[in-house]
Amino acid sequence: MASRTTQILEAAARVIARRGVRGLRVEELAAEAGVSTGLIYYHFKDRTGILRHTLEFINDRAERYTTARDPDAEPLGPREELEQILLLELQDTQEVRENSSAWGELRASAVFDPVLREDLARATLVWVQEVAALLGQVQPMAPASALALAAERLTALLEGLSMRWLSGGIRGDHARALMQGAIEAELTSLNPR
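Heads up: these notes are all about the structure in this document. (Residues numbered from 1 in each chain as written. Predicted model: local features only at pLDDT ≥ 70, side-chain atom pairs only at ≥ 80, totals over all residues. Heavy atoms only, no water.)

## Details of the packing of helix α2 (residues 26-33) against helix α3 (residues 37-44)
Pairs of packed helices are described in terms of their axes, by the angle between the two and the distance that separates them. It is the contact of α2 with α3, at a shortest axis distance of 8 Å, that shows an interaxial angle of 100°. Considering the angle they form, α2 stands roughly perpendicular to α3. Contacts between α2 and α3 involve Val-26, Glu-27, Leu-29 and Ala-30 on the former and, on the latter, Thr-37, Ile-40 and Tyr-41. In terms of residue class, the contact of α2 with α3 is built from 5 nonpolar, 1 polar and 1 charged. (Axes fitted to C-alpha atoms, helices over the stretch in contact; angles between N-to-C directions. Helix = DSSP H or I, 4+ residues; strand = E, 2+ residues; numbered from the N terminus. Parallel < 35°, antiparallel > 145°, perpendicular 65-115°, else oblique. Contact = heavy atoms within 4.5 Å. Nonpolar A, V, L, I, M, F, W, Y, C, P; charged D, E, K, R; others polar.)

## Some points on the side chain of Glu-186
Structurally, Glu-186 can be placed in helix α9 (residues 172-190). Polar contacts involving the side chain of Glu-186 include one to the side chain of Arg-153, which spans 2.7 Å. When sequence neighbours within four positions are dropped, the list of residues in contact with Glu-186 reads Ala-150, Arg-153 and Leu-154. (Polar contact = N/O pair within 3.5 Å; in protein donor to acceptor, adjacent residues only side chain to side chain.)

## Examining helix α8 (residues 144-166)
Spanning 23 residues, α8 covers 33 Å between terminal C-alpha atoms, matching the ideal 33 Å at 1.5 Å per step. By the burial criterion, the buried members of α8 are Leu-147, Ala-150, Ala-151, Leu-154, Thr-155, Leu-158, Glu-159, Leu-161, Ser-162, Trp-165 and Leu-166. For α8, the secondary structure elements touched by its buried residues are α5 (78-87), α6 (94-110), α7 (114-138) and α9. A positive phi of about 85° marks Gly-168, the residue just after α8. (Expected span 1.5 Å × (residues − 1). Buried < 20%, exposed > 50% of the residue type's maximum accessible area, 1.4 Å probe, protein only.)

## Things to note about the pattern of salt bridges
In the structure shown here, the tally under the stated rule is 13 salt bridges. Linking Glu-98 and Arg-61 is a salt bridge whose minimum nitrogen-to-oxygen distance equals 2.9 Å. Residue Glu-98 is found in helix α6, and its partner Arg-61 is found in helix α4 (residues 47-67); the two are separated by 37 residues along the sequence. Owing to a relative accessible area of 6%, Arg-61 belongs among the buried residues under this scheme. Arg-122 serves as the salt-bridge partner of Asp-119, at 2.5 Å between the closest nitrogen and oxygen. (Salt bridge = Lys/Arg side-chain N within 4 Å of Asp/Glu carboxyl O.)

So, in C-alpha cells, the structure goes:
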C-alpha cells in the first residue's frame, strides 16, 4: 500500500473512531490526513470506497498487532497463540483503542448500510474461521461445527468486552480476565471426555 494511501486510511480510522461513520466528512478526513479532498477521491472514488478500504485497513492492522512477535522468540503453542490473538485486542494502546472504536462504529453503521453490512459479515467470518482454526489446533478432536460455534462466541464476546472497556464500563484487566475465562470455558467444552 502506498504511503499516501496508508496516511489517508490511518486518518480515516482516527476520524471514524472519534466521530463515527456518520461524522466522517471528506473535508475533515483530508485535513486530518494532510492531503487534498481530490486526492482522497482519486484513491477511493467515493465515501463507500473510503469505508470499505478503512475496514480492510483496520482488519490488517489488527492482524499485525495481534500476531507480531519477536523473530528470535520461541514459537507459541496453539493455545498461547489463541490467547495472544484474542487478548491483544484488549491492550491499552492508542492503536488498539482507535481500531476497536472504528470497528464498533463501522459495525453500528452496517445496520443501515447493506454494502457495509456485507463487507463486515465477510470480515467477521474470516475472523471467526481463524479463531476456529486455532481452537482446532488446541482441541484437534473437536467437531468443526463445535469449533465454529466456540469461535463465534469468543469473537462476539471480545467485541462486547472491547466496547465496554473502551466506554469505561469495565476495566481493561477485568475484560482480559473475562476473556481468559471464556477461552478456558470454550476449550473445556471442546475437550472430548
